[in-house]
Amino acid sequence: MMKFGSRRMTVPVTGVAAVVAAVAVGLTPTVQNAPALTAATVDYLYGTNIGWTPTDQEYRDFISRVLTGTDTEADAPAPSGLVRYNAGFWPVSHGFIFDLTYDKSVAQGVKNLEARDPEGDVIFGLSQASVAISRYKAAHPEGTGNTFVLTENPGRPNGGIMERFAGLHIPILDVTFSGATPDNGDTTIDVARQYDGWADFPTYPLNLLATANAIVGIFYVHGQTQTELTAADIEAAKAAGGAYYQQHGSTTYYLIRTPLVPLLMPLKGIVPDPVLGAIDPVLRRIIEMGYDRTDYSKPTKAQLFPPLSLPAAASTVQKTVPTAEAAGTEAPGVEAPAVKAPKAASSTPKAGTPKANAAKSSAPKKAASAGDGASKKGTGGSARPSKKASD
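Residues numbered from 1 in each chain as written. Predicted model: local features only at pLDDT ≥ 70, side-chain atom pairs only at ≥ 80, totals over all residues. Heavy atoms only, no water.

Participant: Describe the overall build of the protein, listing the residues and the values that go with them.
Facilitator: A tally of helices and strands in the protein yields twelve helices and ten strands. Counting across all 391 residues of the protein, residues that qualify as buried make up 41%. Sequence separation of at least 24 residues holds for 73% of the intrachain contacts in the protein that already meet a minimum separation of 6. Surface exposure of the protein reaches about 21,300 Å², of which carbon and sulfur atoms provide 62%. (Helix = DSSP H or I, 4+ residues; strand = E, 2+ residues; numbered from the N terminus. Buried < 20%, exposed > 50% of the residue type's maximum accessible area, 1.4 Å probe, protein only. Contact = heavy atoms within 4.5 Å. Areas by Shrake-Rupley, 256 points an atom, 1.4 Å probe, with all protein chains shown as cover.)

Here's what the structure looks like:
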């Protein structure tokens, strides 16, 4: 209540409170909300339009499983992320003689991806799409700021058929073996299933069992990737390490182990599983002799024979190159033979772990077997965990 001369005026308390609050709000600095952080957009390309092809929803579900398994942060794939191109393989793809040849289809994929001009996106491709993305990366050696996720990549540097026979061109079909996916500094994830003939072809094709196994793998492994590959499979590869999970430069490589070698897959349901399970490790051991899984980032063409590493080579090096031994270095191009300690003969060391026991240089009787260390072997068909490979 307020008094003005002889008259009194009543002002409601609520009205005064409202006025005070309004003034306070007006004098208070505005606090802006921080912008909400969003994950990357997913741009995706289909694999070759041949055989069974998934619906767009099925393909996006497949993308989501791979992104989950590789811990790649991104928005859920949306139909708007599709980068269309022919995805043809004239004349056997779905459009037959009306489809583009392989080389022209890949070139169209690169062109359309350039037109999309992604910035900070996740770019996903399967099979032929991985080749198109690889060429897109090659066109941007300075990097793009995007993240690339490649599955069943024929351009995988060590394993992909595009590098195994780099430079070869098949006329009429118009297929050029364009080489390895480059490392341009962009984060890249490369996932391949073991013995897929497009992405995991033998280093030594004269191992005919390994070559035949990879060819069968094109039909029984490559074609089923979109339905069979799970996030758990990818996580298991990372846990196994060694030949199954490697990091080199800006690229992470996964190799997903097959439960059976492809040569035995047609017999599934015909031959009892215990019989197949007994035969598999025998075949797998021979097949793995056709591979060098030391470094998936090293562009590796097909070779005739694996390098020989005989115990006699060590003594030859020691006799002919004494200065290298004295300096504690190996002669260039000579791989030190493996050294087996007597007590460790019955056990197998973990992949990637050097053997601890070496003969003392002062013991002349053991000089021929001491070497400079044990050569590291890829785990191949074994799923034992080991240290991450490093550059």
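Participant: Quick one: what's the story with the sheet that holds strand S10 (residues 251-256), residue by residue and with numbers?
Facilitator: Overall, mixed pairing links the six strands, which are arranged S3-S4-S5-S8-S10-S9 in an open sheet. Lying at the two open borders of the sheet, with one neighbouring strand each, are strand S3 (42-45) and strand S9 (245-248). Direction aside, the axes of adjacent strands within the sheet are offset by 15 degrees on average. Across five bridges, the pairing between strand S4 (residues 122-126) and strand S5 (residues 147-151) is parallel. When the sheet's bridge partners are listed, phenylalanine 124 is paired in S5 with valine 149. (Pairing = 2+ DSSP bridges. Axes fitted to C-alpha atoms, helices over the stretch in contact; angles between N-to-C directions.)

Participant: Go over the packing of helix H6 (residues 208-220) against helix H9 (residues 273-288), please, and point to the residues and values.
Facilitator: In contact at an axis separation of 7 Å, H6 and H9 are set at 105 degrees when each is read in the N-to-C sense. Between H6 and H9, the angle is such that the two are roughly perpendicular. Where H6 abuts H9, its residues Leu209, Ala210 and Asn213 lie against Leu283, Ile286 and Ile287. Its residues assigned to classes, the contact of H6 with H9 shows five nonpolar, one polar and no charged. (Parallel < 35°, antiparallel > 145°, perpendicular 65-115°, else oblique. Nonpolar A, V, L, I, M, F, W, Y, C, P; charged D, E, K, R; others polar.)

Participant: Requested: an account of the pairing of S3, with residues and values cited.
Facilitator: The side-chain alternation of S3 yields two buried faces, one formed by Val42 and Tyr44 and the other by Asp43 and Leu45. Across four bridges, S3 lies against S4 in parallel orientation. What sits directly across from leucine 45, in S4, is glycine 125.

Participant: If you had to explain unusual backbone geometry to someone new, which residues and values would you point to?
Facilitator: Working note: non-glycine residues mostly have negative phi, and peptide bonds are mostly trans. With an omega dihedral of 5 degrees, the bond running from tryptophan 90 to proline 91 counts as a cis peptide bond. Along the chain, the position of proline 91 falls in the loop between helix H2 (56-69) and helix H3 (102-116). Non-glycine residue serine 127 carries a positive phi angle of around 55 degrees. With respect to the helices and strands, serine 127 occurs in the loop between S4 and helix H4 (128-138). One non-glycine residue, glutamate 152, lies in the positive phi region at around 50 degrees. For glutamate 152, the position within the fold is in the loop between S5 and helix H5 (161-164). Exposure remark for glutamate 152: the relative accessible area of 0% places this residue in the buried category.

Participant: Can you break down the environment of tryptophan 198 residue by residue, with the values?
Facilitator: Within the secondary structure, tryptophan 198 is located in the loop between strand S8 (188-193) and H6. Between the alpha carbons of tryptophan 198 and glycine 159 there is a distance of 8.0 Å; along the sequence they are 39 residues apart.

Participant: Got a sec to walk through the packing of aromatic side chains? Specific residues and values, please.
Facilitator: Per the counting criterion, the structure on display carries 13 aromatic pairs. Seen in terms of ring centroids, tyrosine 59 and phenylalanine 124 are 6.1 Å apart; in terms of plane orientation they differ by 80 degrees. Their pairing is edge-to-face. Here tyrosine 59, found in helix H2, pairs with phenylalanine 124, found in strand S4; they are 65 residues apart in sequence, far enough to count as distant. An angle of 85 degrees between the planes, with centres 5.7 Å apart, marks the rings of phenylalanine 62 and phenylalanine 124 as edge-to-face. Of the two residues, phenylalanine 62 sits in helix H2 while phenylalanine 124 sits in strand S4, which places them 62 residues apart along the sequence. Each member of the pair, phenylalanine 62 as well as phenylalanine 124, carries the same accessibility label: buried. Feature note: the residues Tyr44, Tyr46, Tyr59, Phe62 and Phe124 constitute an aromatic cluster, connected by ring pairs. The ring of tyrosine 296 carries the charged tip of arginine 156 above its face, separated from the ring centre by 4.5 Å. Sitting over the face of the ring of tyrosine 291, arginine 293 holds its NZ or CZ atom 4.2 Å from the ring centroid. (Phe/Tyr/Trp six-rings, centres within 6.5 Å; stacked < 30°, edge-to-face > 60°. Lys NZ or Arg CZ within 6 Å of the ring centre and 35° of its normal.)

Participant: Before we move on, could you go through the packing of H3 against H4 and cite the residues and values that matter?
Facilitator: Where H3 meets H4, the axes come as close as 9 Å, and the angle between the chain directions of the two elements is 55 degrees. With respect to H4, the element H3 is oriented oblique. For the element pair H3 and H4, the recorded crossing hand is right-handed. Along its contact with H3, which presents Tyr102, Asp103, Ser105, Val106, Gly109, Val110, Leu113 and Glu114, the element H4 presents Gln128, Val131, Ala132, Ile133, Arg135 and Tyr136. (Left-handed = near helix turned anticlockwise from the far one by under 90°.)

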